[in-house]
Amino acid sequence: MPSFHWTTESVLFMTVMSAVLFAVGFLLAMLLQARKVAQLSAQWENDHRAYEQIRTASADLEAQLKQVECRAQQSALTEGKQSEQRAGGKSGFTRANH
């Protein structure tokens, strides 16, 4: 079996190769992280737009609900007044006949 001796050149070569491989691995990791950040950022933008649309639709529906509630209340008041007038008119009519 041949023996291997660590010479100055082999130590320097291994050190340089380790540094190069470390740098390549680091750059690859940074590239993957940048892609993931870009993907998540795009997803966040889409989700944020959808949220804003839903919030706007909700506000519109809330305004419509308030309008419908107001109309229903006005209608109930009108019907109540009409019922009172009918009841008052009939009783007034009967009193005049008696």
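This text goes with the structure placed above it.
Our subject in this report is the structure included herewith. None of these values were measured; they are calculated from a predicted model.

Turning our eyes to something else, we now look at the overall build of the chain. The secondary structure content of the chain amounts to one helix and zero strands. A buried classification covers 1% of the 98 residues belonging to the chain.

Turning our attention to the pattern of salt bridges. Applying the stated criterion across every chain, the model contains one salt bridge. Between Glu 52 and Arg 55 there is a salt bridge, with its nearest N and O atoms 3.5 Å apart. Highlighted residues: Glu 52 and Arg 55, both in helix H1 (residues 8-97), separated by three residues, approximately one helical turn. By relative accessible area, which is 27% here, Glu 52 ends up partly exposed. On the basis of relative accessibility, which here comes to 47%, the residue Arg 55 falls in the partly exposed class.

The next point concerns the side chain of Ser 10. Locating Ser 10 in the fold gives a position in helix H1. On the accessibility criterion, Ser 10 (16% relative accessible area) is buried. A polar side-chain atom of Ser 10 sits 2.8 Å from the main-chain amide nitrogen of Thr 7. Filtering out sequence-adjacent residues up to four positions away, Ser 10 remains in contact with Phe 4 and His 5.

A surface patch of nonpolar side chains, about 780 Å² in accessible area, is lined by Phe 4, Trp 6, Val 11, Phe 13, Met 14, Met 17 and Leu 21. By the element assignment, Met 14 lies in helix H1. Met 14 gets classed as partly exposed once you look at its relative accessible area, which sits at 44%.

Turning next to the packing of aromatic side chains. Taken as a whole, this structure holds one aromatic pair when the rule is applied. Taking 6.4 Å as the distance between ring centres and 20° as the angle between the ring planes, the aromatic pair formed by Phe 22 and Phe 26 counts as stacked. With Phe 22 and Phe 26 both in helix H1 and four residues apart, this pair spans about one turn of that helix. On the accessibility criterion, Phe 22 (61% relative accessible area) is exposed.

About the criteria used
- Residues numbered from 1 in each chain as written.
- Predicted model: local features only at pLDDT ≥ 70, side-chain atom pairs only at ≥ 80, totals over all residues.
- Heavy atoms only, no water.
- Helix = DSSP H or I, 4+ residues; strand = E, 2+ residues; numbered from the N terminus.
- Buried < 20%, exposed > 50% of the residue type's maximum accessible area, 1.4 Å probe, protein only.
- Salt bridge = Lys/Arg side-chain N within 4 Å of Asp/Glu carboxyl O.
- Polar contact = N/O pair within 3.5 Å; in protein donor to acceptor, adjacent residues only side chain to side chain.
- Contact = heavy atoms within 4.5 Å.
- Patch = residues over 30% accessible without salt bridge, like charges linked within 9 Å, V, L, I, M, F, W, Y side chains within 5 Å.
- Areas by Shrake-Rupley, 256 points an atom, 1.4 Å probe, with all protein chains shown as cover.
- Phe/Tyr/Trp six-rings, centres within 6.5 Å; stacked < 30°, edge-to-face > 60°.

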